[in-house]
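Below, each chain spelled out in residue letters.
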Amino acid sequence: MKQRIVAMALVGLCLGSASSLWAADKVELTTRVSGVVVEVLVKPGQRVKKGAVLLRLDKTVLQARLDEATAEQARADADEADAKRELERAQELFDRTVSSTSELEAATLRHARVQAALSGAKARLVIAKKNLSDAELKAPFSGVVSSVPGGPGTVVTADCQPKTLIVLGSGQP
């Protein structure tokens, strides 16, 4: 899945003092996640500081995915605790020579599988949290909004070539 935070638009080159070369004084911004723009908080010509929220996507689906991932992790936590108890019981019975090696191996395998499922659930929860936070497009640096080609109702698809939502310039002459 291709996801882009920032698509660089090389507008020109300018030579600064001490002959340092600066490239790209404008950046086309889009979101990392798919969704519908619900709010644009800036206008062309407006100065913004680094980290300022420029626009927001509808968070309904992203919040539902976070809720789903939270529930999945809770279930995986419970399964892991159960598998751990089962493994400890199987080890105790094996140590007392009451159960066979195959029963201990089965409990060990189940515990390993449940731990893998728990790791996957934790990863999906991290992704869901990140996706929800990415529903807000923030300024990567302080600058001036050059244009706002995306407005409320604009559909953004992160899998394809994302639509430019805001063009932010450095504010340098």
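Residues numbered from 1 in each chain as written. Predicted model: local features only at pLDDT ≥ 70, side-chain atom pairs only at ≥ 80, totals over all residues. Heavy atoms only, no water.

### A short note on the pairing of strand 9 (residues 143-147)
For clarity, the threshold we go by: A pair of strands is treated as paired once DSSP finds two or more bridges between them. Only DSSP runs of H or I covering at least 4 residues are called helices, and only runs of E covering at least 2 are called strands; the numbering of each starts at the N terminus.
Where strand 6 (residues 47-48) meets strand 9, two bridges bridge the pair, whose relative direction is antiparallel. Paired with R47 across the bridge in strand 9 is V144. Here three bridges tie strand 9 to strand 11 (residues 166-169), and the two strands are oriented antiparallel to one another. Looking at strand 11, one finds that V145 is bridged to L168.

### Things to note about the nonpolar core
Selection criterion: We define the nonpolar core as a collection of buried residues of types Ala, Val, Leu, Ile, Met, Phe, Trp, Tyr and Cys that are connected through side-chain atoms lying within 4.5 Å of one another. Residue burial is assigned from relative accessible area. The probe radius is 1.4 Å, only protein chains are included, and a residue is buried under 20% of its type maximum, exposed over 50%, and partly exposed in between. Should any heavy atoms of two residues lie within 4.5 Å, those residues are counted as being in contact.
Residues V48, L54, L55, L57, L137, L165 and I166 are the most contacted members of the largest nonpolar core, which totals 23 residues. Those elements giving two or more residues to this core turn out to be strand 4 (26-29), strand 7 (53-57), helix 1 (60-95), helix 2 (101-133) and strand 11. If sequence neighbours within four positions are ignored, L137 has contacts with L29, T30, T31, A52, V53, L54, L55, L165 and I166.

### Describing the sheet that holds strand 10 (residues 155-156)
What the four strands build is an open sheet, ordered 8-7-5-10; its pairing is antiparallel. One side of each edge strand has no neighbouring strand; the edge strands of this open sheet are strand 8 (136-138) and strand 10. Two strands pair when backbone bridges link them, and strand 5 (residues 35-40) and strand 10 are joined in this way by two bridges, in the antiparallel orientation. Bridging from a neighbouring strand, V36 pairs with V155 of strand 10.

### Let's talk about the side chain of D134
As for its position among the elements, D134 is in the loop between helix 2 and strand 8. The exposure class assigned to D134 is buried, which follows from its relative accessible area of 10%. In this structure D134 touches T31, R32 and V33, once residues within four positions along its chain are discounted.

### A few points about the confidence of the model for the protein chain
The condition that has to hold: pLDDT measures how confident the predictor is about each residue, on a scale from 0 to 100.
Mean pLDDT over the protein chain works out to 83, with 82% of the residues at or above the 70 mark. Low confidence marks residues 1-23, where pLDDT is under 50. Its contacts with residues over four positions away, or in another chain, come to 41 contacts.

### Topic: the packing of helix 1 against helix 2
Threshold: Only the stretch in contact is used when a helix axis is fitted, and all axes are lines through C-alpha atoms; the angle between N-to-C directions ranges over 0 to 180 degrees. In this scheme, roughly parallel covers angles under 35 degrees and roughly antiparallel covers those over 145, while 65 to 115 is roughly perpendicular and the rest are oblique. In a left-handed crossing the near helix is turned counterclockwise from the far helix by less than a right angle, and in a right-handed crossing that turn is clockwise. Three residue categories are used. Nonpolar comprises Ala, Val, Leu, Ile, Met, Phe, Trp, Tyr, Cys and Pro, charged comprises Asp, Glu, Lys and Arg, and polar comprises the others, including Gly.
For the pair helix 1 and helix 2, the least separation of the axes is 8 Å and the interaxial angle reads 160 degrees. Compared by their axis directions, helix 1 and helix 2 come out roughly antiparallel. For helix 1 against helix 2, the interelement crossing comes out left-handed. Grouping the amino acids of the contact of helix 1 with helix 2 by side-chain chemistry returns 17 nonpolar, nine polar and 13 charged.

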